[in-house]
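Given next are the chains, with one letter for each unit.
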Amino acid sequence: MQPQAFVPDLIFRPREEINAAQELRFAATMDLVCAHHPHYRQLFAQLGLSRADFQSTADLARLPLTSKHDFMGDPQAFLLGASDVEPEMQVEWDTMYTTGTSSGKPTPFVSTAYDYYNVIALYKRILGLRGVGGDDLIANLCPLTVYPHGAYHRVSAAGAALKIPVVNLVPGRPSPHFHLGSELDDVVEGIVRTRATILWGVTSYVRRVLMRAAELGADFSRLKLAYITGEAVTPALRANFEQCLHAAGARQASINVSYGITEIQGGFTECCPGGGFHNPLPEDIHVQVVDPESHQPLPEGERGLVVISHLNRRGTLLLRYSTGDLSVLSRSACPHCGATTDRFTEMPQRADDLVKIKGMLVNPTVVEAAVLAVEGVKEYQAVVERENMADPFSMDRLRIRIAGTSPLADKAPRVSLAVKQATGVTPLVECVEASAIYGPNGSLKLKRFVDQRKG
Ligand SMILES: [Zn+2]
């Protein structure tokens, strides 16, 4: 079969062309899945389904959702495992791991050489949506981790897509055996020294770098873009982040937020602030939003579970995979950039994000907005615990740790009142050093909401 050529501007072509590309890839993928894929072959046998039952992507709805639990339970069963294909389809290029699973054990996600070529194509589109150009230089602020993670490794793929330099500043220290990590001040110095124009990292860490740059008076005026991922960004946090950019002297820089997930080896990308999260590679990544109960696809504009199917993978391959996040989908042309690709019009948010405190359902993003709205508060962490941790039946307590510009003590009553007004729960507010919130090494994701009642 003749390989399909990569069409750089496909996401701006009429939607029918995207649909046609998806159907071609889906047909080829289902041929391979029905012949080789251990998990789905077994599932189809149980359900009495065969290749003929999958005529188009609409037939994906015949399948039950694949849950994270299914994937985590037996990741090897999701490797396509085709052995009668060209070498690049089979050669294992690398394995990235998911983060933040409830069991704490990351799940391997395997790419063949062919998959990696397509990851580079994915980043060609991602950087195009962001307006990155040939004279940019990316500072990779994602940390080295013990389990290889796309956040760190895929920034180099992005550089390869546009043929632009990437500097890995390697913050943190994943292991006592590693001695070449950068401290916070080294990262600030590295950004100035290399004349980076783009900062790329996890939201809370990039923000911390900007705050330190402001303290040191570092020259960040060359910055054009802060590309942040890995954590949900509320409007309050975005506004606060803008202030941090300004304070660091990056007056021309804009913020670009991405909904990044290991299972697409990249992120659904904004074209401009508030422009929604665009599917960069729809010919390879099929997205649906489905009813959380019936799991049937919802009309555009309705909120439901985000579900992903791979249309063109040779390593790990998932069909109707539930990300566990809720969002709203649009397939009409983006009013900002004109792209006709799928677009999440809300930042996808974990379906199980609401936390019950003293019997009240509390949304952590509402807590965040209330805390960060108090002037002078730069960092925070919310901890849900029991008043007496030794007594499993004692009352819940919400404790909020804040850090920021001194004097901070007078901010505590204002934070307490703001959170009470926003959620109905009166918190205990403590003023701490920012380092007490980040911890000594800084993990990949700062845990802003910690529930200590669990486990
Ligand atoms: Zn757009």
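Residues numbered from 1 in each chain as written. Predicted model: local features only at pLDDT ≥ 70, side-chain atom pairs only at ≥ 80, totals over all residues. Heavy atoms only, no water.

1. Digging into the environment of R399
Next up, step 1: Examined against the element boundaries, R399 turns out to sit in strand β18 (residues 396-404).
Next up, step 2: A residue is classified by how much of its surface remains accessible, and R399, at 15% relative accessible area, is buried.
Next up, step 3: Sequence separation between R399 and P148 is 251 residues, and the spatial gap between their C-alpha atoms is 34 Å.
Next up, step 4: Other than its neighbours up to four places away in sequence, R399 contacts Q381, A382, V383, E385, L428 and E430.
Next up, step 5: Engagement of the side chain of R399 in a polar contact is seen with the side chain of E385, the distance being 2.8 Å. (Helix = DSSP H or I, 4+ residues; strand = E, 2+ residues; numbered from the N terminus. Buried < 20%, exposed > 50% of the residue type's maximum accessible area, 1.4 Å probe, protein only. Contact = heavy atoms within 4.5 Å. Polar contact = N/O pair within 3.5 Å; in protein donor to acceptor, adjacent residues only side chain to side chain.)

2. A short note on the nonpolar core
Next up, step 1: Core analysis: the biggest nonpolar cluster contains 96 residues, and L141, I191, L210, F220 and F268 have the highest contact counts within it.
Next up, step 2: It is helix α6 (residues 150-162) that provides the largest number of residues to this core, a total of seven residues.
Next up, step 3: Composition of this core by domain shows at least three residues from each of domain 1 (1-348) and domain 2 (355-451). (Core = buried A, V, L, I, M, F, W, Y, C linked by side-chain atoms within 4.5 Å. Domains from an automatic or database assignment.)

3. Examining unusual backbone geometry
Next up, step 1: A positive phi angle, near 60°, is found at K163, a position not held by glycine.
Next up, step 2: Structurally, K163 is set in the loop between α6 and β4 (166-168).
Next up, step 3: Of the residues examined, K163 reaches a relative accessible area of 67% and is grouped as exposed.
Next up, step 4: You will see that V170, though not glycine, has its phi angle at about 50°, which is positive.

4. Thoughts on the coordination of the zinc ion
Next up, step 1: Around the zinc ion, the donor atoms from the protein are C271 (SG), H278 (NE2), C334 (SG) and C337 (SG), and they sit 2.2 to 2.3 Å away.
Next up, step 2: Here the zinc ion binds four donor atoms, and the angle range of 104 to 115° at the metal identifies the geometry as tetrahedral.
Next up, step 3: Of the residues examined, C337 reaches a relative accessible area of 28% and is grouped as partly exposed. (Donors = N, O, S within 2.8 Å, 3.2 Å for Na, K, Ca; no water. Tetrahedral: all angles 85-135°; square planar, octahedral: opposite > 155°, others 65-115°.)

5. Focus: the packing of helix α8 (residues 203-216) against helix α9 (residues 235-247)
Next up, step 1: Where α8 contacts α9, the two axes come as close as 8 Å, and the packing angle between them is 35°. Relative to α9, α8 is oriented so that their crossing is left-handed. For the pair α8 and α9, the contacting residues are T203, V206, R207, L210, M211 and A214 in the first and L237, N240, F241, C244, L245 and A247 in the second.
Next up, step 2: Looking at the contact of α8 with α9 residue by residue, the class counts come to nine nonpolar, two polar and one charged. (Axes fitted to C-alpha atoms, helices over the stretch in contact; angles between N-to-C directions. Left-handed = near helix turned anticlockwise from the far one by under 90°. Nonpolar A, V, L, I, M, F, W, Y, C, P; charged D, E, K, R; others polar.)

6. A few points about helix α1 (residues 15-36)
Next up, step 1: Taking 1.5 Å as the rise per residue, α1 with 22 residues should run 32 Å; its terminal C-alpha atoms sit 31 Å apart, in good agreement.
Next up, step 2: When we look at burial in α1, the residues that qualify are R15, I18, A21, Q22, R25, F26, A28, T29, M30, L32, V33 and H36.
Next up, step 3: Contact partners of the buried residues in α1: α2 (38-47), β10 (285-290) and β11 (303-310). (Expected span 1.5 Å × (residues − 1).)

7. Here we look at the domain arrangement of the protein
Next up, step 1: When its domains are assigned, the protein resolves into domain 1 (1-348) and domain 2 (355-451).
Next up, step 2: On a C-alpha basis, the centres of domain 1 and domain 2 stand 30 Å from each other.
Next up, step 3: At the junction of the two partners, domain 1 supplies 16 residues and domain 2 supplies 13 residues.
Next up, step 4: Broken down residue by residue, the surface that domain 1 buries against domain 2 is led by R207, R208 and T234, which jointly contribute 27%.
Next up, step 5: For the salt bridge of R207 with E379, the shortest nitrogen-to-oxygen distance reads 2.7 Å.
Next up, step 6: Remark: the boundary between domain 1 and domain 2 carries three residue pairs in polar contact (both at pLDDT 80 or more). (Buried area = accessible area lost by both parts, 1.4 Å probe. Salt bridge = Lys/Arg side-chain N within 4 Å of Asp/Glu carboxyl O.)

8. Some thoughts on the pattern of salt bridges
Next up, step 1: Enumeration according to the criterion identifies 23 salt bridges in this entry.
Next up, step 2: When the shortest N-O distance is used, the salt bridge between D136 and K224 registers 3.0 Å. Taken together, the residues D136 in the loop between α5 (113-130) and β3 (138-140) and K224 in the loop between α8 and β6 (225-229) connect sequence positions 88 residues apart.
Next up, step 3: Assessed through its relative accessible area of 38%, K224 is described here as partly exposed.
Next up, step 4: We note a salt bridge from D410 to K411, for which the minimum N-O separation is 3.7 Å.
Next up, step 5: Looking at D410, the relative accessible area reads 42%, which means it is partly exposed.
Next up, step 6: In this structure, a network of salt bridges that share partners links the residues E385, R397, R399 and E430.

9. Focus: the environment of E183
Next up, step 1: You can see E183 is positioned in the loop between β4 and α7 (184-193).
Next up, step 2: Accessibility expressed as a relative area gives 59% for E183, which makes it exposed.
Next up, step 3: Along the backbone, E183 and G172 are eleven residues apart, and their C-alpha atoms lie at a distance of 6.4 Å.

10. Examining the packing of helix α10 (residues 364-372) against helix α11 (residues 411-423)
Next up, step 1: Packing of α10 against α11 leaves a shortest axis separation of 8 Å and a crossing angle of 145°. At the point where α10 passes α11, the crossing takes the right-handed sense. In this structure, α10 uses V366, V367, A370 and V371 to contact α11, whose residues at the interface are V415, A418, V419, A422 and T423.

11. Some remarks on the sheet that holds strand β20 (residues 449-451)
Strands pair in a sheet through their backbones, by hydrogen bonds, and they do so in one of two ways: parallel or antiparallel.
Next up, step 1: With respect to topology, four strands assemble into an open sheet ordered β19-β18-β17-β20, the strand pairing being mixed. Looking at which strands have only one partner, the edges of the open sheet turn out to be β19 (428-431) and β20. Averaged over all pairs of adjacent strands, the angle between strand axes in this sheet comes to 20°, irrespective of strand direction.
Next up, step 2: Bridge analysis of strand β17 (residues 377-386) against β18 gives nine bridges, and the strand direction is antiparallel. Paired with V383 across the strands is R399, a residue of β18. (Pairing = 2+ DSSP bridges.)

12. A word on the side chain of R313
Next up, step 1: You can see R313 is positioned in the loop between β11 and β12 (321-330).
Next up, step 2: Judged by its relative accessible area of 9%, R313 falls in the buried class.
Next up, step 3: From its side chain, R313 meets the backbone oxygen of V110 in a polar contact 2.7 Å long.
Next up, step 4: A distance of 3.4 Å separates a polar atom in the side chain of R313 from a polar atom in the side chain of D115.
Next up, step 5: Those residues in contact with R313 that lie beyond four places of it in its chain are L80, F109, V110, S111, D115 and Q265.

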